[in-house]
Amino acid sequence: MTGSLAALKAAAVLLAAALFQVSIASAIEVADAHPDVILVLVVAIAMLQGPAFGAAAGFWAGLVLDVITFGTLGLTSLLLTLAGYFSGRIGDVTSRSSAYPPLIAVVLATLGVA
């Protein structure tokens, strides 16, 4: 029961973050770039819950973003699925006592998705 509750919470948070990404974060510009809230959130969820959950969260977030922005259906889903899976793998093999693994996972995911 707790797994389905975690999945529903993650889906709701990712949906809200996707709406925030499209409506507000796209208007913010820092050094000719826009913040990617969805990618950071998918990496955080994947590092906490594991690679399978991270891949599912990445797929959901990508699908929602593709539908909202009328983008190529599946492209963002594929990229965020891979980012979620590999971030979950990084979370599995590293200790949670250091702040460096999440930073490294976000940097690698950003480079991979870009």
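Right, let's walk through the structure included here. Small disclaimer: the values here were computed from a predicted structure and weren't measured.

Put simply, helix 4 (residues 75–93) and helix 5 (residues 100–113) touch, their axes get as near as 10 Å, and they point 155° apart. Classified by the interaxial angle, the pair formed by helix 4 and helix 5 is roughly antiparallel. Where helix 4 crosses over helix 5, the two elements pack in a sense that is right-handed. Contact residues: Leu79, Ala83, Ser87 and Ile90 in helix 4; Pro101, Ala105, Leu108, Ala109 and Val113 in helix 5. Residues of the contact of helix 4 with helix 5, tallied by class, amount to eight nonpolar, one polar and no charged.

Below, the discussion takes up the environment of Leu75. Relative to the assigned elements, Leu75 resides in helix 4. Distance from Leu75 to Gly62, taken between C-alpha atoms, is 7.7 Å for residues 13 residues apart in sequence.

One pass over the structure, following the stated rule, counts one aromatic pair. Where Tyr85 meets Phe86, the ring centres are 5.2 Å apart and the plane angle is 75°; that geometry is what we call edge-to-face. For Tyr85, a relative accessible area of 35% translates into the label partly exposed.

With that out of the way, let us pick up helix 4. Taking 1.5 Å as the rise per residue, helix 4 with 19 residues should run 27 Å; its terminal C-alpha atoms sit 28 Å apart, in good agreement. Taken residue by residue, helix 4 has Ser77, Leu80, Ala83, Gly84, Ser87, Gly88 and Gly91 as its buried positions. Seen end-on, helix 4 carries its buried residues on one side only, within an arc spanning 135°.

Moving on, we come to the nonpolar core. If you look at the biggest cluster of nonpolar residues, it comprises 18 residues, and the most contacted ones within it are Leu14, Ile38, Ala61 and Leu80. Elements with a minimum of two residues in this core: helix 1 (2–23), helix 2 (37–49), helix 3 (51–69), helix 4 and helix 5. Take this core: its biggest share by element is six residues, from helix 2. Excluding residues within four positions of it along the chain, Ile38 makes contact with Leu14, Ala17, Ala18, Gln21, Ala61, Leu65 and Leu80.

A cluster of nonpolar side chains, namely Tyr100, Leu103, Ile104, Val107, Leu108 and Leu111, defines an oily patch on the protein surface of about 670 Å² accessible area. With respect to the helices and strands, Ile104 occurs in helix 5.

At their nearest, the axes of helix 2 and helix 4 sit 7 Å apart, and the two run at 40° to each other. Taken together, the axes of helix 2 and helix 4 lie oblique to each other. Here helix 2 runs over helix 4; the crossing is right-handed. On the side of helix 2, the interface is formed by Ile38, Leu39, Val42, Val43, Ala46 and Met47, while helix 4 contributes Leu80, Ala83, Gly84, Ser87, Gly88, Ile90 and Gly91. Tallied by class, residues from the contact of helix 2 with helix 4 come to nine nonpolar, four polar and no charged.

Conventions used here
Residues numbered from 1 in each chain as written. Predicted model: local features only at pLDDT ≥ 70, side-chain atom pairs only at ≥ 80, totals over all residues. Heavy atoms only, no water. Axes fitted to C-alpha atoms, helices over the stretch in contact; angles between N-to-C directions. Helix = DSSP H or I, 4+ residues; strand = E, 2+ residues; numbered from the N terminus. Parallel < 35°, antiparallel > 145°, perpendicular 65-115°, else oblique. Left-handed = near helix turned anticlockwise from the far one by under 90°. Contact = heavy atoms within 4.5 Å. Nonpolar A, V, L, I, M, F, W, Y, C, P; charged D, E, K, R; others polar. Phe/Tyr/Trp six-rings, centres within 6.5 Å; stacked < 30°, edge-to-face > 60°. Buried < 20%, exposed > 50% of the residue type's maximum accessible area, 1.4 Å probe, protein only. Expected span 1.5 Å × (residues − 1). Arc of directions from axis to C-beta. Core = buried A, V, L, I, M, F, W, Y, C linked by side-chain atoms within 4.5 Å. Patch = residues over 30% accessible without salt bridge, like charges linked within 9 Å, V, L, I, M, F, W, Y side chains within 5 Å. Areas by Shrake-Rupley, 256 points an atom, 1.4 Å probe, with all protein chains shown as cover. Salt bridge = Lys/Arg side-chain N within 4 Å of Asp/Glu carboxyl O.

Geometric descriptors of this kind do not, in isolation, establish any biological role.
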